[in-house]
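# What the coordinates show
This is what each chain is made of:
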Amino acid sequence: MIATPHESAPLTPVTVLGLGPMGRALASAFLNARQPVTVWNRTPGKAGDLPDRGAVVVDSVQAAVRAGEVIIVCLIDYDAVRATLEDSRADWTNRRLINLTSGEPAQARQMSQWASARGIDYLDGAILTPTPTIGTPAAAVLLSGSHDVYESVRETMNAVGSTVTHLGDDPGQASAYEVALLDIFATSVNGIVHAFALASAEGIEPERFAALATGIGGLLPEMITRFAQQIRADHYPGDRSTIASAASGITHVINTATSHGIDAAMLTAAKAVIDRAVADGYGSEGLARLTTVLHKEATGTGTA
Ligand SMILES: NC(=O)c1ccc[n+]([C@@H]2O[C@H](COP(=O)([O-])OP(=O)(O)OC[C@H]3O[C@@H](n4cnc5c(N)ncnc54)[C@H](OP(=O)(O)O)[C@@H]3O)[C@@H](O)[C@H]2O)c1
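Computed from a predicted model, the values in this text were never measured in an experiment.

What counts as what
Residues numbered from 1 in each chain as written. Predicted model: local features only at pLDDT ≥ 70, side-chain atom pairs only at ≥ 80, totals over all residues. Heavy atoms only, no water. Helix = DSSP H or I, 4+ residues; strand = E, 2+ residues; numbered from the N terminus. Buried < 20%, exposed > 50% of the residue type's maximum accessible area, 1.4 Å probe, protein only. Contact = heavy atoms within 4.5 Å. Areas by Shrake-Rupley, 256 points an atom, 1.4 Å probe, with all protein chains shown as cover. Lys, Arg positive; Asp, Glu negative; His and termini not counted. Charge placed at Lys NZ, Arg CZ, Asp CG, Glu CD. UniProt positions renumbered as here; feature names shortened; annotations may be inferred. Near = heavy atom within 4 Å. Polar contact = N/O pair within 3.5 Å; in protein donor to acceptor, adjacent residues only side chain to side chain. Nonpolar A, V, L, I, M, F, W, Y, C, P; charged D, E, K, R; others polar. Domains from an automatic or database assignment. Axes fitted to C-alpha atoms, helices over the stretch in contact; angles between N-to-C directions. Parallel < 35°, antiparallel > 145°, perpendicular 65-115°, else oblique. Left-handed = near helix turned anticlockwise from the far one by under 90°. Patch = residues over 30% accessible without salt bridge, like charges linked within 9 Å, V, L, I, M, F, W, Y side chains within 5 Å. Salt bridge = Lys/Arg side-chain N within 4 Å of Asp/Glu carboxyl O. Core = buried A, V, L, I, M, F, W, Y, C linked by side-chain atoms within 4.5 Å. Phe/Tyr/Trp six-rings, centres within 6.5 Å; stacked < 30°, edge-to-face > 60°.

Moving on to the overall build of the protein. If you tally the helices and strands in the protein, you get 10 helices and 8 strands. Taken along its principal axes, the extent of the C-alpha atoms in the protein is 70 × 45 × 35 Å. Looking at the protein residue by residue over its 304 residues, the buried ones come to 41%. Restricting to contacts in the protein with at least 6 residues of sequence separation, those with at least 24 account for 62%. Within the structure as shown, the protein displays about 16,200 Å² of accessible surface, and the carbon and sulfur contribution to it stands at 56%. Looking at charge distribution, the protein has the averaged site of its 21 positive side-chain charges lying 2 Å from that of its 31 negative ones.

Shown next, in the form of structure tokens:
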């Protein structure tokens, strides 16, 4: 660590491997926090204004790891991370590696094992918010892996945002949250673009549709909270709406989309789950019951 004449708290040199939009945002946040920052990217010339603001650009991973104590890697995927780090011949003594690349829980656990086999202190992470939030209170970052390693980087990581949460020792937890949240995002975005296509086919102007469609988003927070309570209690009252009713509603959407030649595959897949739940005798229960139907089908051990 480097002690500065102006501040009592020592600054930790940080290295950022990867200068895509997110890597640049992370490096920028560390610079704003007055951390010494070194950056590396596979393709040169991606550092933007970071050098002018004090970042040191190096042309090898080996030099980048040598310069930092906390090494952040943020690349397109885990294969890129693995290839980059395998090739580097870097000396990781007294270095901590934080992988903020998006991926899958199994990949995170494998990466943690890879690091452990080389004696590298490792945390896996997931960034839940877009680049403009990084370095602001709106940033949300999850970390998982060794508690001791987390404690050793906690202060340094405060530069990334106010909400950096450690989820525990399992290195796969951050990715697990990320993929489950991406599940909501991916299906929601598909639902939105599909609904615009359907509305357009019915001659509805996008702005007029949007005025009503935005109300759907407002319903979701309460529903998510209520579903969590029902899943925890394993009790799915059909007092507000039922699975049988949802089967009817989704059929109208599928038929209308199909009549316009619009792909309805995502909806028919959703309806197939609903149909299986009805066939299993859950038609009169609430929609959160579908969670246990999916879980039981996957594991054979659900509570359904
Ligand atoms: N952007 C966001 O708002 C956001 C939000 C949350 C999470 N994330 C996650 O953050 C990570 C980085 O995202 P990003 O937005 O910065 O852009 P990205 O397009 O996902 O990644 C670009 C980075 O990956 C590097 N890369 C690609 N293939 C590589 C390889 N085979 N070997 C070495 N480096 C390779 C690129 O280097 P080159 O320049 O050499 O191609 C560049 O540094 C991703 O996992 C993404 O899911 C991003």
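Let's pick the thread back up.
So, on to the UniProt feature "domain: 6-phosphogluconate dehydrogenase NADP-binding" (unreviewed entry) in the protein. With numbering aligned to this structure, UniProt lists the feature "domain: 6-phosphogluconate dehydrogenase NADP-binding" (unreviewed entry) at residues 14-168. Within residues 14-168, the helical portion is 34% and the strand portion 26%, while the C-alpha atoms at the span's ends are 23 Å from each other.

Here the focus is the site of the ligand. In the neighbourhood of the ligand, 21 residues make up the surrounding shell, with Met22, Asn41, Thr43, Lys46 and Ser102 lying closest. For the ligand, an oxygen atom lies 3.4 Å from a polar atom in the backbone of Gly20. Take Arg42: an N or O atom from its side chain is 2.9 Å from an oxygen atom of the ligand. The protein chains hide 74% of the 880 Å² of surface that the ligand would expose on its own. Counting only elements with at least two residues in the shell around the ligand, the list comes to helix 1 (21-32) and helix 3 (78-86). Broken down by element, the shell around the ligand gets its largest block of residues, 3 residues, from helix 1. Taken together, the residues of the shell around the ligand break down into 9 nonpolar, 10 polar and 2 charged.

Turning to the domain arrangement of the protein, a few remarks are in order. Under the domain assignment used here, the protein contains domain 1 (14-168) and domain 2 (202-299). Each of domain 1 and domain 2 has a C-alpha centre, and these two points are 39 Å apart.

With their axes 10 Å apart at the nearest point, helix 8 (residues 243-259) and helix 9 (residues 265-279) run at an angle of 155° to one another. The angle between helix 8 and helix 9 falls in the class roughly antiparallel. Considering how the two elements wind past one another, helix 8 and helix 9 form a crossing that is left-handed. Across from Ile243, Ala244, Ala246, Ala247, Ile250, Thr251, Val253 and Ile254 in helix 8, the residues of helix 9 making contact are Leu267, Thr268, Ala270, Lys271, Ile274, Asp275, Ala277 and Val278. Looking at the contact of helix 8 with helix 9, its residues break down into 12 nonpolar, 2 polar and 2 charged.

With that settled, the discussion passes to a nonpolar patch on the surface. A cluster of nonpolar side chains, contributed by Leu128, Tyr177, Leu181, Ile184, Leu220 and Ile224, occupies part of the molecular surface with about 510 Å² of accessible area. Listed by contribution, the elements that provide at least two residues to the nonpolar patch are helix 6 (173-201) and helix 7 (206-233). The element that contributes the greatest number of residues to the nonpolar patch is helix 6, accounting for 3 residues. For Tyr177, the location among the structural elements is in helix 6.

Below, the discussion takes up the environment of Glu86. Positionally, Glu86 belongs in helix 3. When its relative accessible area of 40% is taken as the criterion, Glu86 is described as partly exposed. Those residues in contact with Glu86 that lie beyond four places of it in its chain are Trp114 and Arg118. Within the local environment of Glu86, its side chain forms a polar contact with the side chain of Trp114, the two groups lying 2.9 Å apart.

This part covers the nonpolar core. Proteins that are soluble and globular tend to have nonpolar side chains buried together. Leu26, Phe30, Ile72 and Met157 are the most contacted members of the largest nonpolar core, which has 33 residues in total. Elements with a contribution of two residues or more to this core: strand 1 (14-17), helix 1, strand 2 (37-40), strand 4 (70-73), strand 6 (121-127), strand 7 (136-145) and helix 5 (147-157). Considering each element in turn, this core owes the most residues, 7 residues, to helix 1. Counting 22 residues, the second largest nonpolar core, distinct from the first, contains Ala63, Val65, Trp92 and Trp114.

Moving on, we get to the packing of aromatic side chains. This structure, assessed with the given rule, holds 1 aromatic pair. Both rings, one in Phe196 and one in Phe209, keep their centres 5.4 Å apart while their planes meet at 75°; by these two values the pair is edge-to-face. One end of the pair, Phe196, is in helix 6; the other, Phe209, is in helix 7, with 13 residues separating them in the sequence. With a relative accessible area of 32%, Phe196 lands in the partly exposed category.

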